[in-house]
Structures are given as structure tokens and as C-alpha cells.
Amino acid sequence: MINNRIPAGELAQKWSTYKSTCKLVNPANKRSIDIIVVGTGLAGASAAATLAELGYSVKTFCFQDSGRRAHSIAAQGGINAAKNYQNDGDSVYRLFYDTIKGGDYRAREANVHRLAEVSVNIIDQCVAQGVPFAREYGGLLSNRSFGGTQVQRTFYAAGQTGQQLLLGAYSAQMRQVSIGAIQEHNRHEMLDVVVIDGKARGIIARNLVTGEIERHGAHAVLLCTGGYGNVFFLSTNAMGSNVTAAWKAHKKGAYFGNPCFTQIHPTCIPVSGDHQSKLTLMSESLRNDGRIWVPKKQGDTRKAYDIPEEERDYYLERRYPAFGNLVPRDVASRAAKERCDAGYGVGTSKMAVYLDFASAIERYGKTEATKQGIHNASKEEIIKMGKGVVKEKYGNLFDMYAKITGEDPYSIPMRIYPAVHYTMGGLWVDYELMTSVPGLYALGEANFSEHGANRLGASALMQGLADGYFVIPYTIGNYLADEIRTPKIDTKQKAFDDAEKIVKDRIAHFMNVKGTKSVDYFHKALGKIMWDKCGMARNAAGLKQAIQEIRTLREEFWKDVRVPGTADSLNPELDKAGRVADFLELGELMCIDALNREESCGGHFREEHQTEDGEALRHDENFMYVACWENIGNNEWQLNKEDLVYDVIHPSQRNYK
Amino acid sequence: MEHTTINLNLKVWRQKNAEDKGQFENYKAENISTEMSFLEMFDVLNEKLINEGQDPVAFDHDCREGICGMCSMHINGRAHGPWSGTTTCQLHMRAFKDGETITVEPWRAKAFPVLKDLTVDRSAFDRIQQAGGYVSVNTGNAQDGNALPIDKKNADASFDAAMCIGCGACVAACKNSSAMLFTSAKVSQYALLPQGQPERTTRVMNMVAQMDKEGFGACTNTGACEAECPKEISISNIARLNREYLNAQLSL
Ligand SMILES: Cc1cc2nc3c(=O)[nH]c(=O)nc-3n(C[C@H](O)[C@H](O)[C@H](O)COP(=O)(O)OP(=O)(O)OC[C@H]3O[C@@H](n4cnc5c(N)ncnc54)[C@H](O)[C@@H]3O)c2cc1C
Ligand code: SF4
Ligand code: FES
């Protein structure tokens, strides 16, 4: 039986009751308790800083050269909070409801409600740290809308919200480093979790500069290591984003929750050739003002602006009049794929749709002219003023687009196509964010999260910071209160020897294969299998085939990979080899999970299960559960189910029409 | 976009480790699509080196979209290469001509020792931040976000300074290897906000002291940093830091 440890009582009271009744650790005891935080993104940095402020002794790890470079830095559009500053009908309940519905009824009510409750504190905390959010002329905080909602609850800092939030959390972390409460380990990669008597007691890490294998003991280990979208090779994730830490935890007993739930983001810059190393997101915030369309005629080769208004198909506005361009991501992505597959795509590859700002530019231009008291402004003047407003809102995104494509998005519409972006799946955690291994926690994108089968925009930043600033500081105390008599963890114990040996043997194996193909060769091959058969649309035959192909590829990898250089120096190819080896196992589990889930929900679209008009068709009677996969060794898994119970919301077919 | 393929000669700095003296090596990069990013061109080169049994070129990178600050190549004598307001990862091969020779070096500065090839150690920046780049507010101590209205002009100016990605191009571009643009951007972000006021004097004093301790050079106002900064951080931040520093000294 899976125990999710959701507290009893009314939904809205659960978290406050929990907080006032959970066990505490007194300040003197905190000092002698060690906590390892792997990852310094929003989840890790906020957790590390807060736990150190509370008095725990914290060690952080990240593979980049500085904590500030974690992948969270790249988040663009914004962070949600139920502040209702716009007086447009928002509330904790509405944020909770939107998130559950957006996730297609595959998330836990109690967790999501807690998330909505603490969302308001996050904004306050970040403002206090000096995060320069966008403001209105009156000096108050500004908001925008994101997909899947009808209120304006997204706080932002131009197109660099993740950067500003992360730098805020990083500054708090640096403050604790300066007083010795946090010890940093940058350019370090965690390669195993050490479990003693069933509890997580430390990690094995590799110093990526010297190659040294290190042992670190602690009373609890937090994995804040981000998502695994890079299993697809091409994604919007940073190049180094990986599953290794989570995967090692999985192999040591932590269940992996809903691995097949992947988010494909509708608005990314399309692939331009075989050399492509990653894909770049164009923030969802652009859908506030950009209109998505394709030509009404199949195979139309005219330039965008030679196609008259009446020959354009604004297909999202047509199919979903209530939400229009702001439907959730899964819906928008599938709609783009549908149009392109049907032959209406644009650009050289025909695998793209337009994201057009012409009407927004004109609308803003007119408002600006009126504001400035110019009543007879010419069309050119209006457009010029409109471009100015759009530049202020989205300037950095437009610049990014221009640099990559060589085209000017202010005058010709952007070409966009869906790309892998986020993973809702991840390590299974209970209400306290603890995995199925006691003392081992997972925060942020690394856990299977509050987003069900589809995450709403601007909710990952919210979740990462909620986990780190406001949830773990309480829940970890409830565990550590019983650990105050555990002395400092001795890293000479046998469990550390064993874990270290496995890590060293594996590295030695990589160095000795001396095969014929680079790590990237295998990574790209895996990515292609995953994208073709476990991507935006999936079916049983394809998934079965994918599983076979991945097994074959994995065997070939271990026999034929070529890792140059040495193991005792900076060697990025060796780092990549370890990550790809883990992706080659995870990919199989994702396909198994996708095959098992005989329904469509959120980002998981099984072609066999759709409504007449092509929408995702859930089967609540059979699949209202979290798939918690347990590793039973040798690439074999057992499925455990955590039933999802809806006490407050009544699941229905999602409708954005 | 129209795209063509070009051939290039690369002159790349190779250095085994911090102790090694290092030297330039010449490579050919062939059939490079002008649609590629500069780092994708390096991926192609590395794939070739691996297939030939040679050691690939080590370089730092992660986000590949101009925000993490990890990429750091000195290209044809310019930090992050020929395009202004651009990081190495955002630079695209459209910027180069067929047959051109491109020289690629790591950041050169005493405070940024080379670890391998094009990879340097920038941990000095973290230590400058630790010296005072924060507001001392523990989690849970905050008042309502809108209880403190902030003049939009100041909020925007603070954001402009806060956009710094900590890449170190300013240091690499400066003949004195000064870290003033980086440090002043952080000092300015807080100096422009009410939240930054309580620690205003200690912050600037401590951050400047740490900067000097790390071995960064003095600022002689040549403006090379601003010209090469991929985020176009304004040199007026340096003037602000100097005022802040002076005021802090006077208030001691
Ligand atoms: C381009 C882009 C834009 C986005 N925009 C938004 C947005 O506008 N709003 C929103 O809400 N969400 C957005 N997201 C999603 C959001 O940014 C991420 O989900 C979130 O930042 C993840 O944070 P994290 O702290 O969980 O992990 P990350 O920020 O990914 O951090 C992972 C950390 O773990 C470390 N790490 C990983 N593996 C190891 C290992 N084995 N050993 C040691 N260290 C390790 C890394 O070094 C890093 O420090 C966006 C995502 C992308 C890709
Ligand atoms: S000031 Fe500019 S050049 Fe210097 S570290 Fe910041 S972003 Fe890089
Ligand atoms: S790789 Fe992140 S800024 Fe270039």
C-alpha cells in the first residue's frame, strides 16, 4: 500500500493543521544535523538557504561552475500567485482549481491546495529579497496572463523571471555561504545515494575538475536536480540537464512517478538542421499578444504577409473561442501538430505555424497614441509606437528569435513548433516531499509534482520555490526530530565503500570500452526513438517497438561508446556518458508507463483514446492513479498505484471551448 | 532564412590543465551551415576530433540561450565574438565568411585561471557576491509584496542592472582585468531599491574589498567592458558604485 501521508481534515485546513502539529527540532540540535542539497535551481537554492537560516548545517552540490547557473535561470515568462492584485476574481481556490483541471485531474488535491496557499508568500519573499519584478506606474506589481486561466495572476520580470527569482534565491544562499552555514560544491556531480538501514545517509559525488570521487554523509538528502526532458536529446532544457541523480535514487528504492508525463511546449523555434543541439523556447507569455495561424490553403507557399486576412486560419481561436490562443500547452501543441500533419504547415520544413504580433502592435500603438494625445497618428506612427510597447514587454525574446533565425519578428511573424519542455513525472514523493526511501526527499521539477498530466505555465517556478522556501522547512523537521540522536554520519561505513565501488567501476568501464561511436551519437538515436514513438502522440504498436529499439541501443552503447580523455581530469564527454547511460534506462521505463496508461490525459496522448473531435479522452474508472514504478533490478519494474481521491473537485472532461 | 555552408580555419587555445603552458592548435571546420550557432560548430569539431581519436576541446556552456552565463569564448580578440549584445552561444555562423580564420581563446585574467582549454574558473564572482550581494531577510519575514510601492523608473533601472549574467566578459575585455562592471551591476540593483537601503554602505565596501582581494585590476574607465557585455550593462553603474563607495567611506 502506498501511503501518501496526506493529513486528515478539511482540504483548506490540512496544511495549517500540519504546520501546527508536526514535530520540531530545537535550534541547538539543528546545528549538529547535516543536510545535503543536490541542485541549486529554484528548489535547491531556496531550500538550502532556508534550512541554513533555520540553523541546519547544509552542503550544496551542482554540476555547473556556480549555483547561479542552474537551469531555472532560463525560465522566461513568469510565476503564478493567487494575490488577486488585479481584482479580477482570483483566489487560492481558483488557482487550486485551475491547476487541478489544467493537469487533467491527475494531481493530488491536498498538495495542489497547499501550493496555491503558499503562492502568495513566495511573491512577498522575493520582493523582500530585492527581486525587481515588473511594476506599474503607480509603483505596484504588474501581472500578465498565462495559458489555461482567465485571470491575470502571473508576476514577471520582463522575459527573465527565472533569472531574477534564481538570483534572489542564490543571493540568500550566498549569504549563508558567507557565514559558513552552507558549504558549496560546484562542478560536482552526484553519482549515487548511500542508503544505510533503509535510510538515506549520504551521496557519492565526482569532482568534475579533478575527477576525484568523494563521499559525503548527512542525516537527510534532498534531490533538487530538475527534469529529464533531455531524454529526447532535443528539448528546451539546458545541455547538462539530466536524470542521473533521480535515477540513482530510483535504483536505490525510490519510486518513479508517472514517468511518461512529458510536456511538449507549443511555442519553440523550429529545428533548422541535423546540427541542432537544443531548442529555444519562445515564452508562453507571447500568447497573451501573439495570434497563432496557418494558411487556409494546404501547401501555401506565399510569404506570411502576402496571405490576406480572410485566407488565414486562426485555428486556436476557431476551435477554442473561450480560451483562444491561451488554451493549455498540451492542447495548443496537439493543435499545431494536427495542422502541420494535415499539410498546412509553413516555412521550409513545413513543420511550423505562425505566431503573429501584427494586431497587438497596432492595438498597443493606438492606445499609446491616445495616451500621448496624438489623435491623428498615421499608420506608420502607430506601428512604430506599438513596436515600442511590444519591445518593452518581450524585447529579449524577440532579440533571441532574431539572433537564431536571422529574421525580424517585429515585421514578419515568428515561426514556431512544439518542443519537449518539462517533465511532470519524476520521483514519487508523499505529502512531506519524501520519496519512498526515508530521509531522501525530492523537490522542484525532480519530483512527480503537483502538475498532474500537464503543467500550466508559470507554475513550475511557483512549485520550486514553494517546495524550497515554505514546505520542506516544516516537513523535514518532522523526520529529523527523530534523528537528533544520530551522530555525524561516518563515511567509512561499508555502504559508502560499496556505492563508491559501483561508481568507480562504471567510470572505468566507460574509459575502457574504447568503442567507435561518440556519446552524442547514442543520445541522438535515443532522442529520435523517444520523439517519434513516445512524443506528442503515442500508440501501443509504436511504444512496443520503441522498447525493443531502446534495449538494442543500450546494449550497443555499453559495447561501443567512445569516451576520450582521462577519468582524472575535466572531461565533459565522460560526464555526458554517465548521463546518457541513465537516459537509456529511463527511456524504456517511460515507454512502459505510456503503454500501461491506456487513456489520454494532459500531455499523454494515446491515439487509441480520443474524442470525436480529437481531444484527449481520459478513463477515470481505470486510471485515476499515480503510477509509482518500483525498480526490481535488471531493467525490470513493478507497478504500484496510488489512487487519486477527489473530495472537492469533480473531475470532468476538460473543456476550453 | 537563406543558408549556405562555409569552411573555416580555427585557431583554438589548447591547455591540458591549470599547470600546463598551453598553445594554439589549428583545425579545419568544414561544411558548416550558416544556420548553426557558434557552439554547434564546436560540437561538429569535437565530434570529428572524437572520431579521429583526439581529445575534444573543453568549453563551458549550458543553457545555450544567452542567460546562464556559462559560455565564455574570446573570439577573434573579442569577448563573445563579433556581435554586440550577444553571448557566445547566441552567436551564429552567419557572422563569418567562407575561408575565414577564427581565433578562439579562453577568458584571460589572473582571477580566472584556466582549468582546461577554453574553460576557466570564475568562482571569484561567487565570492564577491558572498561579500554583500544580498538583502539580509530570512524566509518568512516578508510583508505583503504591494505594501511597498516602488517607483517604476527605479524598479526598471534596478532590473536593467540585475540582468547581468555573471559571464565575466567584462573582465576578459578589460586591459586591467577589472571586475567593476559586474560588481557595480549588483551594487546598483540594490542601491536603486528600498529593500537595499539598510545594508547600503557595508555592501559596497565589502564587495569592493573582496573584488580587490581576488586580484581583479583597477578600473581606468576605458569602457571596453560595456562594449563587450552581452547584456549591455551600462557603465553608468560603475559611476554609481563609485558614488556609493565614496558616500560609504564618508559615513564611516
Ligand atoms: C526555457 C524554459 C523556460 C521556462 N519558463 C518557465 C516560466 O516562465 N515559468 C515557470 O513556472 N516555469 C518555467 N520553466 C520551467 C522551470 O524553469 C523549471 O521547471 C524549474 O526552474 C526547475 O527548477 P528546479 O529547481 O527543479 O531544477 P533546475 O533549475 O533544473 O536545477 C537543477 C539543479 O540540479 C543540479 N544537478 C542536476 N543533476 C545533478 C547531479 N547529478 N549532481 C549534482 N547536481 C545536479 C544542477 O546543477 C542544477 O543546479 C521553464 C523551463 C525552460 C526550459
Ligand atoms: S556585466 Fe556584462 S560582461 Fe560582466 S559579467 Fe555581467 S553580463 Fe557578463
Ligand atoms: S550557454 Fe548559457 S549563456 Fe551561453
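On a predicted model such as this, the values are computed, not experimentally measured, just so you know. (Residues numbered from 1 in each chain as written. Chains lettered and ligands numbered in written order. Predicted model: local features only at pLDDT ≥ 70, side-chain atom pairs only at ≥ 80, totals over all residues. Heavy atoms only, no water.)

Caption draft 1: Fine view of the overall build of chain A. Within chain A, the regular secondary structure consists of 17 helices and 20 strands. Based on the C-alpha atoms only, the size of chain A along its principal axes is roughly 80 × 55 × 50 Å. Counting over 657 residues, chain A shows a buried share of 67%. For chain A, contacts bridging at least 24 residues in sequence account for 73% of all contacts bridging at least 6. Across chain A, 79 positive and 79 negative side-chain charges occur, with their mean positions spaced 2 Å apart. (Helix = DSSP H or I, 4+ residues; strand = E, 2+ residues; numbered from the N terminus. Buried < 20%, exposed > 50% of the residue type's maximum accessible area, 1.4 Å probe, protein only. Contact = heavy atoms within 4.5 Å. Lys, Arg positive; Asp, Glu negative; His and termini not counted. Charge placed at Lys NZ, Arg CZ, Asp CG, Glu CD.)

Caption draft 2: Inspection of the pattern of salt bridges at higher detail. All names here are of chain A. Summed over the entire model, instances satisfying the criterion amount to 77 salt bridges over all chains. Between Arg-5 and Glu-432 there is a salt bridge whose closest N-O contact spans 3.6 Å. Residue Arg-5 is located in the segment before helix H1 (14–21), and its partner Glu-432 is located in the loop between strand E17 (426–427) and strand E18 (440–442); the two are separated by 427 residues in the primary sequence. The exposure class assigned to Glu-432 is buried, which follows from its relative accessible area of 5%. Members of the salt-bridge network, linked through shared partners, are Asp-104, Arg-106, Asp-330, Arg-334, Arg-597, Glu-599, Arg-618, Asp-620 and Arg-654. (Salt bridge = Lys/Arg side-chain N within 4 Å of Asp/Glu carboxyl O.)

Caption draft 3: View of the site of ligand 1. Residues in contact with ligand 1 amount to 39 residues; listed here are only the nearest, Gln64(A), Ser72(A), Met190(A), Glu445(A) and Leu461(A). Nearby residues place ligand 1 at the junction of chains A and B. Leu42(A) is positioned with one of its backbone polar atoms (N or O) 3.1 Å from an oxygen atom of ligand 1. A distance of 3.4 Å separates an oxygen atom of ligand 1 from a polar atom in the backbone of Cys224(A). (Near = heavy atom within 4 Å. Polar contact = N/O pair within 3.5 Å; in protein donor to acceptor, adjacent residues only side chain to side chain.)

Caption draft 4: Examining the sheet that holds strand E1 (residues 5–14) of chain B more closely. Residues and elements named next belong to chain B. The sheet built from five strands is open, its strands ordered E2-E1-E5-E3-E4 with mixed pairing. Of all the strands in the sheet, just strand E2 (23–33) and strand E4 (78–79) have a single pairing partner and so form its edges. Two strands pair when backbone bridges link them, and strand E3 (residues 74–75) and strand E5 (residues 101–105) are joined in this way by two bridges, in the antiparallel orientation. Opposite Ile-75, over in E5, you have Val-104 as the bridge partner. Packing against the sheet, helix H1 (residues 38–51) makes contact with E1, E2, E3 and E5, and its axis sits at approximately 105° to E2. (Pairing = 2+ DSSP bridges. Axes fitted to C-alpha atoms, helices over the stretch in contact; angles between N-to-C directions.)

Caption draft 5: Local environment of the side chain of Glu450(A). Residue and element names in this part refer to chain A. Topologically, Glu-450 is positioned in the loop between E18 and helix H12 (460–480). For Glu-450, which is buried and forms no salt bridge, the nearest opposite charge comes from Arg-114, at a distance of 4.1 Å. Side chain to side chain, Glu-450 and Asn-111 meet in a polar contact 3.4 Å long. Excluding anything up to four places from it in sequence, Glu-450 contacts Thr-99, Ala-107, Asn-111, Val-112, Arg-114, Leu-115 and Gln-463.

Caption draft 6: Seen up close, the layout of surface pockets. Approximately 1400 Å³ is the volume found for the largest pocket. What lines the largest pocket is a set of 48 residues, and nearest its centre among them are Ala158(A), Lys391(A), Glu392(A), Lys393(A) and Tyr394(A). Every element with two or more residues in the lining of the largest pocket is listed here: strand E4 (143–144), helix H10 (358–371) and helix H11 (379–405) of chain A together with helix H3 (152–162) of chain B. Here the element with the most residues in the lining of the largest pocket is H11(A); it accounts for ten residues. (1 Å grid on protein atoms, 1.4 Å probe; cavity = no way out; pocket = protein on both sides within 12 Å on 5 of 7 lines; lining within 4 Å. Points joined across faces, edges and corners; volume = space filled by probe spheres on them.)

Caption draft 7: Summary view of the domain arrangement of chain A. Residues and elements named next belong to chain A. Segmentation of chain A into domains returns domain 1 (11–261 + 424–483), domain 2 (265–419) and domain 3 (493–625). For domain 1 and domain 2, the distance between their C-alpha centroids amounts to 32 Å. Summed over both partners, the interface of domain 1 with domain 2 comes to about 2000 Å²; 53% of that surface belongs to carbon and sulfur atoms. The largest contributions to the domain 1 side of the interface with domain 2 come from Gln-76, Leu-234 and Thr-236, which together make up 28% of the buried area. Linking domain 1 to domain 2 there are zero salt bridges. Along the contact surface separating domain 1 from domain 2 lie seven residue pairs in polar contact (both at pLDDT 80 or more). Across the side of domain 1 that touches domain 2, the residue classes tally to six nonpolar, 14 polar and two charged. (Domains from an automatic or database assignment. Buried area = accessible area lost by both parts, 1.4 Å probe. Nonpolar A, V, L, I, M, F, W, Y, C, P; charged D, E, K, R; others polar.)

Caption draft 8: Quick peek at the packing of helix H14 (residues 519–533) of chain A against helix H15 (residues 540–560) of chain A. All names here are of chain A. Where H14 contacts H15, the axes come no closer than 10 Å and their chain directions differ by 175°. One way to sum up the angle between H14 and H15 is to call them roughly antiparallel. Contacts between H14 and H15 involve Tyr-521, Phe-522, Ala-525, Leu-526, Ile-529, Met-530 and Lys-533 on the former and, on the latter, Gly-542, Leu-543, Gln-545, Ala-546, Glu-549, Ile-550, Leu-553, Glu-556, Phe-557 and Asp-560. Of the residues contributing to the contact of H14 with H15, the split by class is eleven nonpolar, two polar and four charged. (Parallel < 35°, antiparallel > 145°, perpendicular 65-115°, else oblique.)

Caption draft 9: Up close: the interface of chain A and chain B. Listed by partner, the interface residues are 75 residues for chain A and 72 residues for chain B. Both faces combined, the contact of chain A with chain B buries some 6000 Å², and carbon together with sulfur accounts for 51% of it. In this assembly, chain A and chain B are joined by five salt bridges. Residue Asp60(B) pairs with Arg187(A) through a salt bridge whose shortest N-O separation is 2.7 Å. Our enumeration of links across chain A and chain B arrives at 43 residue pairs in polar contact (both at pLDDT 80 or more).

Caption draft 10: Fine view of H15(A). Residues and elements named next belong to chain A. Over its 21 residues, H15 runs 30 Å from end to end, which matches the ideal 30 Å to within 8%, given 1.5 Å per residue. Residues Ala-540, Gly-542, Leu-543, Ala-546, Ile-547, Ile-550, Leu-553, Arg-554, Phe-557 and Asp-560 constitute the buried set of H15. On its buried face, H15 is in contact with helix H13 (494–513), H14 and helix H16 (572–596). (Expected span 1.5 Å × (residues − 1).)

Caption draft 11: Representation of the sheet that holds strand E8 (residues 199–207) of chain A within the structure. Residue and element names in this part refer to chain A. Across the sheet, which stays open at both edges, the three strands sit in the order E7-E8-E9 with antiparallel pairing between neighbours. In the strand order of this sheet, the two ends are held by strand E7 (188–196) and strand E9 (213–217), each with one partner. Shown here is a sheet whose adjacent strand axes are inclined to one another by a mean of 25°, direction ignored. By the bridge criterion, eight bridges tie E7 to E8 in an arrangement that is antiparallel. When the bridges of E8 are listed, Met-190 appears paired with Ala-205.

Caption draft 12: Representation of unusual backbone geometry within the structure. With a phi close to 40°, Ala158(A) is a non-glycine residue in the positive phi region. Tracing the backbone shows Ala158(A) in the loop between strand E5 (154–155) and helix H6 (161–178). On the accessibility criterion, Ala158(A) (19% relative accessible area) is buried. Here the phi dihedral of Arg64(B) falls at roughly 55°; this positive angle occurs in a residue that is not glycine. For Arg64(B), the location among the structural elements is in the loop between H1 and E3. Judged by relative accessible area, Arg64(B) falls into the buried class, the value being 7%.

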